[in-house]
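# Observations on the three-dimensional arrangement
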Amino acid sequence: MPNPPQYCPTQRELDDLELLVTGALAPLTRFDEPGSPVTLTLPADVSTAAAEAGAVELVDPEGLPLARVSVPDGAVEALTHVQYGPFRRHYLSPAQVREAYAGRTVVPVTDALTEAQLEEVRALGPVVLLAYVGAGTPDLSPVGLVRACLAAAALLPDAAVVAVPLASHGDPELDHELGVQVARTYAAGDPVHALPAPADDDPYPPSVDAVVAFDRPDPADQGLVLFFTGLSGSGKSTLARALMDRLLEQGTRTVTSLDGDVVRRNLSAGLTFSKADRETNIRRIGWVAAEISRHGGVAVCSPIAPFDETRQQVRAMVEDAGGAFFLVHVATPLEECERRDRKGLYAKARRGEIPEFTGISSPYEEPADADVRVDTTGRTIDDALGDVVEALRESGHLDLSSGVEDPLVDQPVQAGVVETPPPGSPERPLHVLFVCTANICRSPFMELVARRLAGPDATVTFASAGTHGFKDHPMDEVMSGTLATRGAEVGDFASRAVTRQLVDEADLVLTAEAAHRTFILDEQPAAFRKVFTLGQFAEAVRTAGGGLQGRELVQAVGQRRGTADPALDVADPYRRGPEAAETAAAGIEELLRVVVPRLTGAPGNH
C-alpha cells in the first residue's frame, strides 16, 4: 500500500480531532459516524490518494503529524498530541480532569462571566470552569475566553479552568447536544451546572471587563482592513490612495497600503494572471492584511477581487484575527471603465489578446455584502471619497470628518501663552506615571499617596493609568478606604487607560507588577530606561548614591538595564477584602516613602 497522504485540516476539524483523541466526544470515537456532525472533508486529490492508501495523515499547521485516520471508516489513531498554542497547559483530557478535580461541579462557559453569574458559581463550592474554546463556539476569542475565565476564577474561592476545543458545526441544536455530552463526559457523574444567559445590564467584574474590553475593542480601536473591489479602471486604487492620504494626514492610526501592483512586485512575484494565481494573490493580500489588523493597524487593499468566494475567505481571515473587514464596492459601470482605459487593456481583451480579463472574458461577481457602494462616474475624487468617509464614520471604525490643522499655516501668536518644555527638559517638572491593571486600585493609591508625600510645593507631578484601564471609573471603594488613615483624599479621581502618549510624556513610569512593565515595553521598547516596577525602582534607589536625586536619579537608575523581579510585585487586592487592600496599601506606602523623597529632594526614608 502507498504511504498515506498528509492533510492539514480546518480549525474545526483539528478541534474535533483533539476531542476524539482525548475521548471527550464519547460515545463518538471516529469521524463521519452516521448522523454525527463530526466530519472530515478531504480535498479531491487528497481523497483519491487516501482511498488508495487506506488512510490519511492529519498534520497541524506546522506540519507535525497528529493522527492517522482510516479511509473510509474514519477511525482515528493518535500519533502525538497538540504541542503549541496559548494556555496549552489548561487543555486537559477528561481523564486528567477526573484525576485532578474529582468531586467538583463542572460549569460549561462560552462567554465571560458577569457579576451575577459569579455569585451563582460562588455558591456551588469548588468548581471547574469548562471553557469551550473551539472554532466558532465562544463569544470571545479562544484566548480571550480562557483569560476571562482565569480572571473570574481568581475571584472565586476554589475554581480551576479547563480549556476544551469544542467547535461549532453550524447547527445550534446539534452544537448544544454536543456541549451537553462533552460536559457530562468531563464531569463523569459529578454535578454539571448550566449558567443562565445574563441580563443585558449585568456588568462584568472590573478584572473580567478589562479582558473583554481588550478582546472586543470598540470599532474605533479595532484593527481594520479597508478592501476596495471593482473592475479595472473603476477608480478603486485612486480612492484607496486618497483615503490612505487622509488617514496619514490625521495621524491617529498606523496605515499600510497593499496595492495590487506593489504586491505583485513583492509579495506575489512569479505568479501569473491565471485565475488560480490571481486568487492566490488575493489570498496572500488577505493574509497580510489580517495580520496587520491583528495588531491594531489599518490595511488598505485595492485588488480587483472578482470572486465572492475569495473575498469571503479574506473576510474570514480578518475576522479570525480579531480585525474588522470593511468592503468598498467601487461600482463604476463597465462602459465607463472602458472609456477611461488609458492602457488599452479592455481593447486588447476584446480582441482576445488578454485571456480571462475581468469584465470581458472572465466574470466579476458584484458583492452583496459591501459596506458602501460607490460609482465614480462623473465625480471628483473628493466627492466619491466622501461616500466612503461617511460610511466609515457611521460604522464607528474611523472618523475622518474632522479637519487637521497644518502647522505650516501661519497662526496668530497668543500673548501670554508659554509652551510646555518637552519631556526630559531640565525646565520641566519631573513627571511620574503609575500603572496597574484597571487603574482603580493600586495605581490611583500610588498617585494620591505620592502626591501627599511630595507636598504642595514639590517640583514632581504624579499621574496614573491602567494597562487595560476603564474610562472614567471611580477608585475602588475598599482601596480608597485605606487613604483616610494616610491623610490622602480621592477627590475627583477618574480612571483611564495607559496610552503611548502618556508613556512618552512621562519621565518615569512605575508599575505595580512586572507584567504591567512588560505590557508597556512590548508596545514601546524604546521606553526601557524609564519603566520599572515600583519595587524594582525602590530597590535601585536604596543602593544608589545618596547624592543622586530627581532627574539625575532617574537617569542613573535607567542605565541599569535588567529584568523586574516578580517577587517585588504589589499583589492585586481587588475584591479580596479590606485586609488585602490594607496589605497592598501598606506595602505601596513603604516603597513610596523610599522613592518620593529622592525624587523630590525632600527629607525622608533614604
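Everything below is about the structure shown above.
A few points on the structure. (Residues numbered from 1 in each chain as written. Predicted model: local features only at pLDDT ≥ 70, side-chain atom pairs only at ≥ 80, totals over all residues. Heavy atoms only, no water.)

## Focus on the overall build of the protein chain
As a reminder of what qualifies: By the criteria applied, helices consist of DSSP H or I runs no shorter than four residues and strands consist of E runs no shorter than two, each listed in order from the N terminus. Per-residue accessibility, obtained with a 1.4 Å probe over protein chains only, is compared with the maximum for each type, and a residue is labelled buried under 20%, exposed over 50%, and partly exposed between these values. Contacts are residue-level and defined by heavy atoms, with any inter-residue pair within 4.5 Å sufficient. Note on areas: Shrake-Rupley with a 1.4 Å probe; residue coverage comes only from the protein chains shown. Counted as positive: Lys and Arg. Counted as negative: Asp and Glu, with His and the chain ends omitted from the count. A charge is said to be at NZ when it belongs to Lys, at CZ for Arg, at CG for Asp and at CD for Glu.
Helices and strands together make up the secondary structure of the protein chain, namely 21 helices and 16 strands. Judged by the C-alpha coordinates and their principal axes, the protein chain covers about 85 × 75 × 45 Å. Taken over 606 residues, the protein chain has a buried fraction of 47%. Long-range pairs, those at least 24 residues apart, make up 72% of the contacts in the protein chain with a sequence separation of at least 6. Just so you have it, the protein chain exposes about 29300 Å², and 52% of that area is on carbon and sulfur atoms. Of note, the protein chain has its 53 positive side-chain charges centred 6 Å away from the centre of its 87 negative side-chain charges.

## Concerning the environment of Leu334
Turning to its location among the elements, Leu334 is positioned in helix 12 (residues 334-339). The class of Leu334 is partly exposed, set by a relative accessible area of 21%. For the pair Leu334 and Val531, spaced 197 residues apart in sequence, the C-alpha separation works out to 58 Å.

## Concerning the pattern of salt bridges
Where we set the bar: Only one rule defines a salt bridge in this text: a Lys or Arg side-chain nitrogen within 4 Å of an Asp or Glu carboxyl oxygen.
Applying the stated criterion to the full structure yields 30 salt bridges. In this structure, Glu353 engages Arg351 in a salt bridge whose closest nitrogen and oxygen atoms are separated by 2.8 Å. Look at Glu353 and you get partly exposed, because its relative accessible area is 47%. One salt-bridge network, held together by shared partners, links Arg452, Arg486, Glu582, Glu589 and Arg593.

## Re empty space enclosed by the protein
Short version of the rule: In this analysis a 1.4 Å probe is tested at points of a 1 Å grid over the protein atoms alone, and where it fits but cannot get out there is a cavity; an open set with protein on both sides within 12 Å along at least five of seven lines is a pocket; lining residues have an atom within 4 Å of a point. Grid points are joined across faces, edges and corners, and a volume is the space filled by probe spheres set on the points. Gly counts as polar in this scheme, as do all residues outside two lists: the nonpolar Ala, Val, Leu, Ile, Met, Phe, Trp, Tyr, Cys and Pro, and the charged Asp, Glu, Lys and Arg.
Under the counting rule described, the total for this entry stands at two cavities of 30 Å³ or more. Approximately 40 Å³ is the volume found for the largest cavity. Taken together, Ser237, Ala240, Arg241, Met244, Ser257, Leu258, Asp259, Val300 and Ser302 make up the full set of residues lining the largest cavity. Secondary-structure elements contributing two or more residues to the lining of the largest cavity are helix 8 (236-250) and strand 9 (255-258). Ranked by residue count, the leading element in the lining of the largest cavity is helix 8, at four residues. Class assignment of the residues belonging to the lining of the largest cavity gives a composition of four nonpolar, three polar and two charged.

## Comments concerning the packing of aromatic side chains
Two aromatic rings, taken as a pair, are described by how far apart their centres are and by the angle between their planes. The condition that has to hold: By convention, a stacked pair of Phe, Tyr or Trp rings (six-membered ring in the case of Trp) has centres within 6.5 Å and planes under 30 degrees apart, an edge-to-face pair has planes over 60 apart, and any other such pair is tilted.
Tallying each qualifying case throughout the model produces four aromatic pairs. Taking 5.4 Å as the distance between ring centres and 40° as the angle between the ring planes, the aromatic pair formed by Phe227 and Phe325 counts as tilted. Residue Phe227 is found in strand 8 (residues 224-229), and its partner Phe325 is found in strand 11 (residues 324-330); the two are separated by 98 residues along the sequence. An identical accessibility class is assigned to Phe227 and Phe325; each is buried.

## Regarding the nonpolar core
Where we set the bar: Residue types Ala, Val, Leu, Ile, Met, Phe, Trp, Tyr and Cys, when buried and joined through side-chain atoms within 4.5 Å, form a set referred to as a nonpolar core.
Counting 45 residues, the largest nonpolar core has Met479, Leu510, Phe537 and Leu599 as its most contacted members. For this core, the elements supplying multiple residues, two or more each, are strand 13 (430-436), helix 15 (442-454), strand 14 (460-466), strand 15 (508-511), helix 19 (534-543), helix 20 (550-558) and helix 21 (577-600). At 10 residues, helix 21 tops the list of elements feeding residues into this core. Once residues lying within four places of it in the same chain are set aside, the contact partners of Leu510 are Val432, Leu433, Phe434, Val435, Met446, Phe532, Thr533, Leu534, Phe537 and Val595. Residues Phe31, Val38, Ala50 and Val182 belong to the second largest nonpolar core, which totals 34 residues.

## Considerations on the sheet that holds strand 4 (residues 76-78)
Quick note on the threshold: Two strands qualify as a pair provided that DSSP identifies no fewer than 2 bridges between them. Fitted lines through C-alpha atoms give the axes, limited to the stretch in contact for helices. The angle between two N-to-C directions lies from 0 to 180 degrees.
Read across the open sheet, the four strands follow the order 1-2-3-4; overall the sheet is mixed. Of all strands in the sheet, those with a lone pairing partner are strand 1 (6-7) and strand 4, marking the two edges. Here two bridges tie strand 1 to strand 2 (residues 55-59), and the two strands are oriented parallel to one another. Bridge pairing in strand 2 links Gln6 to Glu57. Where helix 1 (residues 11-22) meets the sheet, its contacts fall on strand 1, strand 2, strand 3 (65-70) and strand 4, and the angle it forms with strand 4 comes to roughly 80°. Its contacts with the sheet place helix 2 (residues 44-53) against strand 1 and strand 2, and it is angled at close to 125° to strand 2.

## As for the packing of helix 8 against helix 14 (residues 381-395)
This is how the line gets drawn: A crossing counts as left-handed when the near helix is turned anticlockwise from the far one by less than a right angle, and as right-handed when that turn is clockwise.
Running from N to C, helix 8 and helix 14 point in directions that differ by 65°, and their axes come no closer than 10 Å. For the crossing formed where helix 8 meets helix 14, the hand is right-handed. Across the interface between the two elements, Thr238, Leu239, Ala242, Leu243 and Arg246 from helix 8 touch Ile381, Ala384, Leu385, Val388, Val389 and Leu392 from helix 14.

## Focus on the layout of surface pockets
By volume, the second largest pocket is sized at about 1300 Å³. Ser232, Gly233, Lys236, Ile304 and Lys343 are, among the 40 residues lining the second largest pocket, the residues nearest its centre. Put simply, the parts of the chain that give the lining of the second largest pocket at least two residues each are helix 8, helix 9 (260-265), helix 10 (275-294), helix 13 (345-350) and helix 14. The element contributing the most residues to the lining of the second largest pocket is helix 8, with five residues. Residue classes in the lining of the second largest pocket are distributed as 15 nonpolar, 13 polar and 12 charged.

## Description of the packing of helix 15 against helix 21
We apply this condition: Working rule for angles: under 35 degrees goes down as roughly parallel, over 145 as roughly antiparallel, 65 to 115 as roughly perpendicular, anything else as oblique.
Where helix 15 contacts helix 21, the two axes come as close as 9 Å, and the packing angle between them is 45°. Taken together, helix 15 and helix 21 sit at an angle that is classed as oblique. Where helix 15 crosses over helix 21, the handedness of that crossing is right-handed. Every residue of helix 21 that contacts helix 15 at Arg442, Phe445, Met446, Val449, Ala450, Arg452, Leu453 and Ala454 is listed here: Ala585, Ile588, Glu589, Leu592, Arg593, Val596 and Thr600.

## Focus: unusual backbone geometry
Following Ala26, the chain continues to Pro27 via a peptide bond in cis, the omega torsion being 15°. Topologically, Pro27 is positioned in the loop between helix 1 and helix 2. In this structure, the amide linkage connecting Val71 to the following residue, Pro72, adopts the cis form with an omega of 15°. Tracing the backbone through its elements, the reader meets Pro72 in the loop between strand 3 and strand 4. For Asn439, which is not a glycine, the phi torsion comes out positive at approximately 60°. Structurally, Asn439 is set in the loop between strand 13 and helix 15.

## Digging into the sheet that holds strand 9
Strands sit in the order 9-10-8-11-12 across an open sheet of five strands; the sheet is parallel. Each of the sheet's edge strands pairs with one partner strand only, and the pair in question is strand 9 and strand 12 (372-374). Neighbour-to-neighbour, the strand axes of the sheet open up by a mean angle of 20°, direction not taken into account. Direction of pairing for strand 8 relative to strand 11: parallel, over a ladder of six bridges. Pairing of Phe227 across the sheet is with Leu327, part of strand 11. Along the sheet face, helix 11 (residues 308-320) touches strand 8 and strand 11 and points at about 150° away from the line of strand 11.

Function cannot be inferred from these measures alone, as they are strictly geometric.
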